[in-house]
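Read off the chains here:
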Amino acid sequence: MRILTCSQMKQAEKNAWAGSLSYVQMMENAGAAAAQAIREKLPGQGARAVLFCGRGNNGGDGLVAARLLCQAGWGVSVVLTDGVPRTPDAQVMYEKLAGLPVEVVPYGEDPEWLARQLAQANLLVDAIYGTGFHGELDGRHRDICRLINGVDVLTCALDIPSGVTADTGWADPQAVQADFTVVFDSHKPATAMPRAARWCGQVLVREIGIPEEAHRGLESGYRLTDRAAVFSVLKKRVRESHKGSYGKLLVVAGSQRYMGAAMLATLAAMRTGAGYVTLASTKEVCRTVLPSLPEAVMLPLRQNPDGSISADSREEILQAAERSTAVLVGNGMGQGDDVCRIVYELVTHVRVPLVIDADGINALARNIDILKRGNCPVVLTPHRMELSRLTTLPVEELAQQDIQAGRRLAEEYGCTVVLKDAYTHTVTPKGEVWINTSGNAGLAKAGSGDLLAGMIGSLAAQGYPPEQAAACGVWLHGRAADYAAAQRSQFGMLPRDVLDGLTQLLAEEGY
């Protein structure tokens, strides 16, 4: 699957133009592709379509589709949402409607006419913004989108539904909710993202004549993490192996108040294949969780009066880290000064992959530049509030800019960042974005993040590069949750049930 950002798509078009494919011809091809896709959805004669066309090139694509549908025997009406087209190519397509039985009326000029057209329509087409949308819809366009969404007929969007930001997948609450989206030439990031699926509907990618050579050198840095991608990476076990063949993970986690976090992270690490897992926590935590984790090694540490791990145990933790192939820190540790001291020691002394989660991230947020003093690969797993603490950006801003913020964080500090949310993405130190395709709302429960951290830590301990460990861990976590939801429902499933789903998933794939 080829995914191009808006700027890269413009470059591909520019490259095609330099190779003698005119912009007018590309628009003609796009409109023809849209018309063909629409006719496949509604075959036969007698269909009626209302096309909402903006003033730019997306509107021009819609005008081409209007002309071709009319010539194919459809009843066609065009609503100009922003007046006559303003780009030269779209103006050409507007003029080509002359003489055809296509009614063209500016939005707001004749509400009664529009009401009649909508009442008779079989299909609505959104050609208002395309990839040119950014930010939020203004009042006028929000009303138009609300109108489109309120008509109970099939709705098609051209390239991207209006109100959806093509490069991020963020959508205005009133964005057009299309039944299907005809995407031109290449996927845009949003059309590949599950977070935008409720607006895009079925995604149909159609060629518009841009030759393959026009795409050379255009790497968007977006890729999908799906079943095929994950299991092409994960290695099956070989007969001639032992526990040391599958890594040694040190889990520094837990406190008197959050014993379950330590247990879930450790258990998830073992279920994800690590050969040797050590839980370093207080004596009370180790003693309490041992019956549930008989296969794990316990490293009892000194305890503070509040039940958290004492920083006086730093040397023991570092010695255990030297014997490990990866370290996970942070789950359920609390937010005292000792947590910061432990996390900072690990960052500056560990040489193996270090996964920092939960309270470890909160500690890091107090002195994030400590990452620049480290010499180990780091994986951060923040949810949106934790990302806000790490970046000092408001949570409200991150709702639209989480990928951009994650990229800046990953690139500045040379770490892998797992952007946990309803739809989770992984960002590599090079700024690549791995789009996850699994998971459901049943994961919105305390403890789910501890499982994910343990799974990522386990894969890192087994030798997978941090970005692969993170992206594969995220997908396995989500897909296992899909299995759990199928068995126990999203309401009733618990984080521990995800691990049953994980073993079922791995067994089906022969692992």
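The preceding data block contains the structure.
Residues numbered from 1 in each chain as written. Predicted model: local features only at pLDDT ≥ 70, side-chain atom pairs only at ≥ 80, totals over all residues. Heavy atoms only, no water.

**Thoughts on the overall build of the protein chain**
We count it as follows: A helix here means a DSSP run of H or I that spans at least four residues, while a strand means a run of E at least two residues long, and both kinds are numbered starting from the N terminus. Only protein chains enter the accessibility calculation, which uses a 1.4 Å probe. A residue is then buried if its area is under 20% of the maximum for its type, exposed if over 50%, and partly exposed in between. It only takes one pair of heavy atoms within 4.5 Å for two residues to be counted as in contact. Shrake-Rupley sampling with a 1.4 Å probe provides the accessible areas, and residues are treated as covered by the protein chains on show and by no other component. None of His or the chain ends enter the tally, which takes Lys and Arg as positive and Asp and Glu as negative. Taken as the charge location is NZ of Lys, CZ of Arg, CG of Asp or CD of Glu.
In terms of helices and strands, the protein chain carries 19 helices and 17 strands. Projected onto its principal axes, the C-alpha coordinates of the protein chain cover approximately 85 × 45 × 45 Å. Scored against the burial criterion, the 511 residues of the protein chain give a buried share of 56%. Taking all contacts inside the protein chain whose residues are at least 6 apart in sequence as the whole, residues at least 24 apart take part in 73%. Accessible area of the protein chain: about 21,100 Å², with a carbon and sulfur share of 48%. Seen as two clouds, the 49 positive and the 55 negative side-chain charges of the protein chain have centres 5 Å apart.

**Concerning helix α15 (residues 384-391)**
Three or more residues of α15 are buried, namely Glu386, Leu387, Ser388, Leu390 and Thr391. In the stretch just after α15, threonine 392 is the one whose phi turns positive, near 65°.

**Focus: the packing of helix α3 (residues 57-71) against helix α4 (residues 88-95)**
The condition is simple: What counts as an axis is a line fitted to C-alpha atoms, over the stretch in contact for a helix, and the angles between N-to-C directions run from 0 to 180 degrees. Angular relationships are summarised with four words: roughly parallel below 35 degrees, roughly antiparallel beyond 145, roughly perpendicular across 65 to 115, and oblique for the angles in between. Crossings are sorted by hand: turned counterclockwise from the far helix by less than a right angle, the near helix makes the crossing left-handed, and turned clockwise it makes it right-handed. Gly is placed with the polar residues, together with every amino acid not listed as nonpolar (Ala, Val, Leu, Ile, Met, Phe, Trp, Tyr, Cys and Pro) or charged (Asp, Glu, Lys and Arg).
It is the contact of α3 with α4, at a shortest axis distance of 8 Å, that shows an interaxial angle of 20°. Here α4 runs roughly parallel to α3, going by the angle between their axes. Two packed elements cross with a definite hand, and for α3 against α4 that hand is left-handed. Taken together, the residues of α4 that come into contact with α3 (itself represented by Asn57, Gly60, Leu63, Val64 and Arg67) are Asp89, Ala90, Met93 and Tyr94. Across the contact of α3 with α4, the residue classes break down as five nonpolar, two polar and two charged.

**Here's the deal with the sheet that holds strand β9 (residues 248-252)**
Keep this limit in mind: For two strands to count as paired, DSSP must find a minimum of two bridges between them.
Strand order in the open sheet formed by ten strands is β8-β17-β16-β15-β14-β13-β12-β9-β10-β11, with mixed pairing between adjacent strands. In this open sheet, the two edge strands, each paired with only one partner strand, are β8 (222-225) and β11 (297-301). For this sheet, the mean inter-axis angle between neighbouring strands, taken without regard to orientation, is 20°. By the bridge criterion, three bridges tie strand β12 (residues 326-329) to strand β13 (residues 354-356) in an arrangement that is parallel. The residue bridging valine 329 from the neighbouring strand is isoleucine 356, located in β13. Along the sheet, helix α10 (residues 259-271) contacts β9, β10 (276-282) and β12; its crossing angle with β10, the most-contacted strand, is approximately 170°.

Any link to function would need more than the numbers given here.
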